[in-house]
Amino acid sequence: SASFALVIAVLLVQGLYYNGFKINVSQTILDALVILIASIPIALPLVLQVNMALGASHLATTYNAVVTSLPALQDIASMSMLCSDKTGTLTTANMSIITDQIFASDGFTAEEVILYGFLCSNADKKDDPIDRAIVSAFNDTGNSKDGYVQTEIIGFNPSVKRVVAFVKSGDKTLTIAKGLPAKILDTEAGAPDDHELQWKVDKINDHAFIKSVEATDTDLSSSGYKTIAIAVCEGNARELGDAAVWKFAGLLPMLDPPREDTPATIESLHHANISVKMITGDHANVGKETSRLIGLGTNVLPGEEMRNAPSETKNDIIWNADGFAAVLPSDKREIVLVLRNHFGLVTGMTGDGVNDAAALSAAQVGIAVAGATDAAKNAADLILTEEGLSPIYGAVLESRRIFARIKAYVVYRVAASIVLVLTLSIVIFVTSCAVDSLMIIILALLNDVSMIPVAYDNAKATTKPQLPVAKTLVLQSLFYGLVQAGLSLMFIFSMANNRDERFAIDLNGPNNEGCTGEARGFIWFHLVMVTELMIFSVRAPRFVLISPLPSMYLVGSVFLTLILGGLLACLLPNFGLHGANLGFIILFNVASFIVVDLMKLQFRKMIGEEPGDVIDNDELLTPKTRTETQKTVEKGERYRTHRESIVGEADRCHCVEVKSKSGLPGFFSLGGDTMMDNGYIKPMGSINFMRQNQAPTIRGPHRTKQVSSPY
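First things first, this report covers the structure right here in the doc. These numbers were taken from a predicted model, which means no experiment stands behind them. (Residues numbered from 1 in each chain as written. Predicted model: local features only at pLDDT ≥ 70, side-chain atom pairs only at ≥ 80, totals over all residues. Heavy atoms only, no water.)

Turning our eyes to something else, we now look at the overall build of the chain. Tallying secondary structure elements over the chain gives 25 helices and 19 strands in all. Counting the 711 residues in the chain, one finds 51% classified as buried. Sequence separation of 24 or more characterises 70% of the internal contacts of the chain that already satisfy a separation of 6 or more. Looking at the chain as shown, the accessible area adds up to about 31900 Å², and 57% of this sits on carbon and sulfur atoms. (Helix = DSSP H or I, 4+ residues; strand = E, 2+ residues; numbered from the N terminus. Buried < 20%, exposed > 50% of the residue type's maximum accessible area, 1.4 Å probe, protein only. Contact = heavy atoms within 4.5 Å. Areas by Shrake-Rupley, 256 points an atom, 1.4 Å probe, with all protein chains shown as cover.)

Per the counting criterion, the structure on display carries 14 aromatic pairs. Judged by centre distance (5.3 Å) and plane angle (45°), the ring pair of Y456 and Y553 falls under tilted. A residue pair is termed long-range when its members are at least 10 positions apart, and Y456 in the loop between α19 (437–450) and β16 (461–462) and Y553 in helix α22 (residues 552–571) qualify at 97 residues. Residue Y553 is classed as exposed on the basis of its relative accessible area, which comes to 58%. Ring centres of F479 and F603 lie 4.6 Å apart, and the angle between their planes is 15°; this geometry places the pair in the stacked category. Residue F479 is located in helix α20 (residues 470–496), and its partner F603 is located in helix α23 (residues 579–606); the two are separated by 124 residues in the primary sequence. Given the relative accessible area of 16%, F603 is considered buried. The ring of W199 has R162 lying over it, and the distance from NZ or CZ to the ring centre is 5.3 Å. Between the NZ or CZ atom of K203 and the centre of the ring of F209, over which it lies, the distance is 5.1 Å. (Phe/Tyr/Trp six-rings, centres within 6.5 Å; stacked < 30°, edge-to-face > 60°. Lys NZ or Arg CZ within 6 Å of the ring centre and 35° of its normal.)

Locating Y393 in the fold gives a position in helix α18 (residues 390–431). By relative accessible area, which is 1% here, Y393 ends up buried. When near neighbours in sequence (up to four residues on either side) are disregarded, Y393 contacts T265, S268, L269, A272, I615, N617, D618, E619 and L620.

This part is about α22. Spacing of three or four residues puts side chains on the same side of an α-helix, whose turn is 3.6 residues. Here α22 contains 20 residues, and its C-alpha end-to-end distance of 28 Å stays within 8% of the 28 Å for a straight helix at 1.5 Å per residue. All of the buried residues along α22 are L554, S557, V558, T561, L562, G565, G566 and A569. Looking down the long axis of α22, one finds its buried residues gathered within 165° of arc, a one-sided arrangement. Seen from the open side of α22, the exposed residues pointing more than 90 degrees away from its buried face are M552, Y553, L560, I563 and L571. (Expected span 1.5 Å × (residues − 1). Arc of directions from axis to C-beta.)

Strands pair in a sheet through their backbones, by hydrogen bonds, and they do so in one of two ways: parallel or antiparallel. Here eight strands make up an open sheet; going across it, the order is β1-β15-β14-β13-β2-β10-β12-β11 and the pairing mixed. Edge strands, defined here as strands with exactly one partner in the open sheet, are β1 (65–67) and β11 (300–302). Ignoring which end each strand starts from, the neighbouring axes of this sheet average 20° apart. Relative to strand β13 (residues 347–351), strand β2 (residues 81–85) runs parallel, the two being bridged by three bridges. By the bridge assignment, L82 is partnered in β13 with G348. (Pairing = 2+ DSSP bridges. Axes fitted to C-alpha atoms, helices over the stretch in contact; angles between N-to-C directions.)

Moving on: the packing of helix α3 (residues 25–39) against α19. One way to put it is that α3 packs onto α19 with a least axis distance of 9 Å and a crossing angle of 5°. Our classification of the angle between α3 and α19 gives roughly parallel. When α3 is examined against α19, the residues L30, V34, I37 and A38 are found in contact with a partner set consisting of S437, I440 and I441. Here the contact of α3 with α19 is composed, by residue class, of six nonpolar, one polar and no charged. (Parallel < 35°, antiparallel > 145°, perpendicular 65-115°, else oblique. Nonpolar A, V, L, I, M, F, W, Y, C, P; charged D, E, K, R; others polar.)

Grouped together as the largest cluster of nonpolar side chains are 70 residues, with contacts concentrated most on L424, I523 and W524. For I523, the residues in contact, after removing those within four places along its chain, are L424, V427, C433, V435, I492 and L507. If you look at the next biggest cluster of nonpolar residues, it comprises 40 residues, including Y63, M79, L90 and I615. (Core = buried A, V, L, I, M, F, W, Y, C linked by side-chain atoms within 4.5 Å.)

Interpretation note: all reported values are geometric properties and have no functional meaning in isolation.
So, in structure tokens, the structure goes:
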């Protein structure tokens, strides 16, 4: 590395050119090691961990969002697309049957439709919003269930989308089904499933009847009602087999209103350039009406349309849709994988059930909503402890603030190392003046300790997703490092040539025997000040005087460090810095700080790192009324921002490659057998790293994330 090369160069220059090997070998080696010490950002991992840990704690206590792994904070800050479930997340899940809108087929009454729906429900399943609504509606009718005994129930499955119950009524047996209207009419609708009972209702070939049911279902769903269909078979359908005759009883319309804060949350997420796609198992018309009420676009497509689309158009359908309805669990996972792996967007997915675990694991940001099952929580990166979507918005803002703090510290830490290494090395090359190694260790320690409060800095969340682009981080670090190092060298050498001998620093010493203690103190305190003040420029998105003020913790830490550094430089016997020179250092650093901060603005603009708009507070925005055309235009603007926040193809797969170098195969061998196989670690014992496209096997109570996709 460059630092190691400079260490060797300093060692050779000091030892050979300045005869350090003859005068004092140990001191010469220490002078070289000083460069190595200055180049190592010792506290970088500590500060990053403190930042993320404090941020995760703040998310849990303030936003009711628990992060399951600290690295997930970065994905949350980078999220561009959120796929959200409807029931219970966008809506209240407090469903109610609208009894005056019940559709009863010929031969059935509305009371019978409610009764059969009740008999096909689990009264003890209080957390199921559909069963709860049907039981409540039946109890409100005042009718009795005497004479009916439910003997068996086959529960709801997201793949088959229906419930079947067996009921005894005296000597007779009834088989009752409730579920998605299309699946109750014909269990092969959409796609064949693996349920043990398959049927078509007796009037499936009566086109007038089917059109009447479909028209009623469409009218109800277009008005925002979720519809549950009921069918009845006299006898035990399992025993009757193909001889079973199923009769369509009717439709139960249910109302599931949006949450009060959902429109404001959608508005706020859109302002933060996060697009929301609604994914629901309900009818497409229900999805469209709900989307209209909460401020989403109404281009909600049936899941069947996506499943049956040819591969060359399926990705575009997923990209352009505002949501999908009547979806299967596999559809959710496919949507997430296409957005993530084909389009390169950091994608979030909400879910609460076992069937959602695959989609949650496939998303970079899996979000288990309040009341989720353990399976969903184990697959999630973020667990919400408050109902609704609003905690996600708070989590996004806080994650972007954490990202801003970490980004500022990383740029600062690398730049500070460049300043120290270049300044100390070039001074040694030119004059042989080396600052005491112990004082450089103290300088590095002061830099690291004083920056810990950056975790409490007053950072602002941006309106754009934040991706960690290594190129821009390196360029900014180089800018600060090279400019500040150049200014430091100019200042040091100009002071060495000061015509006023009272303030001149002697970098060569009497008879060229080495620089004086004051010269070393001058260099040391100047480096303390330039590196400490740099954080205020790096953290400021705009000119420092008009940017958000830093936290008092950070200001106090930096200025206490500067006071301590000034006292050490002036009072230590081996330094003895003159008071006037202390003043010159302060004046020069204040002036250079302003100059560099102004230069920073143009440099960031040149590399495409302009600050952009920020979100001032966590308050949800007031939703605005928009036409579909306006929604489409704003969606296009967000999508243009999404295309600027695409993850590179190499970063879409979390691969681990360990290639053989020098003696590593032998070093990693167990029992004489090498663990390396064609440049990759072989699975041995409990170790199983990824080889090429093979997914890693994680043992123990850990979740695995989707790492590859055919899309």
